[in-house]
Amino acid sequence: MTEGFYKFDTILLWGPNFVESPTYALYKENKEDYTYPVDGWYWFESLEEAQNFFGIEPEEESEIII
Amino acid sequence: MVKLKVGQPGPPTTSYTYERTPWVRPSDWLTMPTVTETDDKVVMLVAVYPDAPTYEVFRFYSQDINTNVGTTYQVDWGDGNIETVDHALDAYHTYNYTDLGLASAPVTSEGWKQVLITITPTEGSSFRRLDYHRSHPEFINITFPNRVKEIIISTPYVSGPHWYLGGSRNFFGDCKKATIIKTGAITTAYNTFNSFYSLEEVDFEGMDLSAATNISGMFSSCYKIQEIPNHFGDTSHIQYFDVLFNFCPELLSLPEVDTSNALGMYYYIRDCRKLKEAHVVVPSTCRRCERIFENCHSLEKVTGSFDFTGITISYGVVNMFAACISLKEIPFTFDCSVVERLDAFCSNMYWLETPPTFINTSNVTNFSSMFTSCTALKRAPELDTSSAIYVNDMFSGCANLAYVPEYDFSSAQQCIRVFNSCWSVTSYPDFDFSSATTIEQAFYNNRNLINFPNITTSTALTSIKNLLSFSYNVLSVPYFETANVTTFYSAFRYCFKLDSLPNFNTSNVTDFFYAMDTMYNLKELPNWDTSSGTDLRNFAYANIRATSMPAYDLSSATNLTNAFRNMPQMRVVPAINIPSSATATDIFRDSFGMDRIEAVGIGQTTSVYNCNLGEDNLNYFFDNLATVSGKTVAIGLNPGTATCDRTIATAKGWTVSG
């Protein structure tokens, strides 16, 4: 399962169960209660959904260059 | 189709038959007049297209037969206009499609109208010089469209250096047929049919080459010509044959040309892509002969002789057979006693099985790309490389190469990709790279190499970028000098079977990106000096068997992304100081055996996701983080994720996700 809170800040950040900061906190069990985005964080049901939303290409394995 | 047997008297004839598609003169073209050897006349069939005016311009030199005083010449423009032009002045004319009457300029099936231009000297005069390389005075900067479709020339009094027909102006780019009925004894036929891109039929038997010394470029860029008749006659006195048949991609056979006294033959038959056989003689007098056969893609057989003892050193014999992709052998011995450059001599000869023999190569300094992509080559030839300075790509891409003799590379300074992607080599002799400044990618992607050779390097060396990466089967790497090397970029990446690396001197290395990436069998990270390292991205990524690491000095690091990620058997990260400004994204992530991280000072967004940190050790990790603003630390999938004291981190300004 790749559901969780996602934020894109140069890289894609993920908190599957919680996000705690000095000024706010997000918990999976209360995910319906928040007005997103919260400091850039969103709830998505999957990694693919998050990547689509943020327009991020899935990571690709390195290939041999001859 | 007409089947022709090639072969005229003289040494030796080509032995194969070929099919030529003969050019058929369209029946609706205006009939060309009969021109004889006694005529002094030029006739051109010119197309006038409907979409733009046609501009004609040329300059002829007409002189009195007896006094040689300049006179005049007459131009019948073929549209009813006849003009008398002074000697050595331009004749120019403009045709407009709609203004041309159909009676004098009938439309062809191709949609253009046609006129015959006839140029003659006035009575009592003769042409002494022709010049088609003029600019129309009203359109100096305009590139003229191709418009001359056919030309007949008889100028028996043009001699010496005054013959000047083809060239780069594209004036004859659409000319299908050219006939030279008569010339005087010209001394140069330089570029005569050069850039006659559409030429399909040529007759130059009337050219008097008995006094010529230069026929360079004569048929260069005749893209359509399939056959050039044996009209050269005796050329044993001619010195310059450079670019003679260069870029005649449709040429099916070579006419016979005696080059026995040549001084120049470079690009002689370059890009003759359909030629199957070639007889070429490079005599000892020849100073330049580089790229003679380059891009002769269909060439299957070469006969003749090659004497390089007169070659001008600076040009060497570079690219001689480059991209002769059908040639399997070069059965010659080349004496290279005065040759300095052999670069790309056999490059991209995919089917070359037997390399030629080179002798006396002790003066050759450049062997770069000499056998690049010779994928059928199994044995590298014996060569004296004692003076080699450049050996870049020398055997790069020789996928079937199995045997490499000892080469003296002790003078070689540039050794980039020298054995790149030599998939079949299992072992090499030892090499002396003591003069090399770079051996980047030298043994990259050597998939079957087992034992890396002993190599001698010196403080001259500055880069081993990609040295051995993707050489999956290498079992050991001996120590060599790296004191002044600045980049280890991807040096040993994907060397799956290496279980250890020497403690190289890395005190000057700044670029460690991918240096040990995905070395699955590496058990202990080497004790390298990383104090100068700035880029350590993926430094030891996926070293899945590594159990311990030294306390690397990361004081200069600016980027540690993935540096120690996915190291599942690493239990303890020692107390290493990490600059708070260094990017540390996913630095320890997915190292699921890692139960203690003593790293101090992380100040950028980072991750210990999927490690083995319990509550106490997560708290300890938080204690060692820098105080920040707006940074995130990911701690998910650790035993202590739920129970650790996240306020330690949030009190320092961190956002904690898990």
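Residues numbered from 1 in each chain as written. Chains lettered and ligands numbered in written order. Predicted model: local features only at pLDDT ≥ 70, side-chain atom pairs only at ≥ 80, totals over all residues. Heavy atoms only, no water.

**Regarding the overall build of chain A**
What counts here: Under the scheme used here, helices are H or I runs from DSSP no shorter than 4 residues and strands are E runs no shorter than 2 residues, and both carry numbers assigned from the N terminus. Note on exposure labels: buried denotes an accessible area under 20% of the residue type's maximum, exposed denotes more than 50%, and partly exposed covers the range between, all computed with a 1.4 Å probe on protein chains only. Note on contacts: a residue pair is in contact if any heavy atoms of the two residues lie within 4.5 Å. Only the protein chains shown count as cover for residues, and all accessible areas are computed by the Shrake-Rupley method using a 1.4 Å probe.
Within chain A, the secondary structure is distributed over one helix and five strands. Buried residues in chain A amount to 35% of all 66 residues. Counting contacts in chain A only where the partners sit at least 6 residues apart, residues at least 24 apart contribute 44% of the total. Carbon and sulfur atoms make up 49% of the accessible area of chain A, which amounts to about 4300 Å² in all.

**Focus on the interface of chain A and chain B**
For clarity, the cut-off: Once two parts are joined, some of their accessible surface, as seen by a 1.4 Å probe, is lost; buried area is that loss totalled over both. The term salt bridge refers to a pairing of a side-chain nitrogen on Lys or Arg with a carboxyl oxygen on Asp or Glu at a separation within 4 Å. For this analysis, a polar contact is any N or O atom pair within 3.5 Å, provided that within protein one partner can donate a hydrogen and the other can accept it, and provided that sequence-adjacent residues contribute only side-chain to side-chain pairs. Gly counts as polar in this scheme, as do all residues outside two lists: the nonpolar Ala, Val, Leu, Ile, Met, Phe, Trp, Tyr, Cys and Pro, and the charged Asp, Glu, Lys and Arg. Should DSSP find at least two bridges between two strands, the strands are regarded as paired.
Taken together, the contact pairs 20 residues of chain A with 24 residues of chain B. Here chain A meets chain B over a buried area of about 1700 Å², counting both sides, of which 57% is carbon and sulfur. Viewed at the interface, chain B and chain A are joined by one salt bridge. Among the salt bridges present, the one from Glu20(A) reaches Arg646(B), with a minimum N-O distance of 2.6 Å. At the boundary of chain A with chain B, the tally comes to five residue pairs in polar contact (both at pLDDT 80 or more). Those elements that provide at least two residues to the side of chain A that touches chain B are strand 2 (11–15) and strand 3 (18–20) of chain A. Sort the elements by how many residues they give to the side of chain A that touches chain B and strand 2 of chain A lands first, with four residues. Class assignment of the residues belonging to the side of chain A that touches chain B gives a composition of 13 nonpolar, four polar and three charged. As paired elements, strand 3 of chain A and strand 23 (residues 654–657) of chain B share two bridges and run antiparallel to each other.

**Digging into the confidence of the model for chain A**
Filter applied, for reference: Within a predicted model, pLDDT stands for the predictor's per-residue confidence, ranging from 0 to 100.
Summing up the model confidence of chain A, the mean pLDDT is 88 and the portion of residues at 70 or higher is 88%. Within the model, pLDDT remains below 50 along residues 61–66 of chain A, and this stretch shows 13 contacts once partners closer than five positions in the same chain are excluded.

**Things to note about unusual backbone geometry**
Cis geometry marks the peptide bond from Tyr36(A) to Pro37(A); its omega dihedral reads 0°. Inspection of the secondary structure assignment puts Pro37(A) in the loop between strand 4 (25–27) and strand 5 (42–44). Look at Asn191(B): it is not a glycine, yet its phi comes out positive at around 60°. Within the secondary structure, Asn191(B) sits in the loop between strand 11 (177–183) and strand 12 (201–203). Residue Asn191(B) is classed as buried on the basis of its relative accessible area of 12%. Even without glycine at this site, Ala542(B) takes up a positive phi of about 60°.

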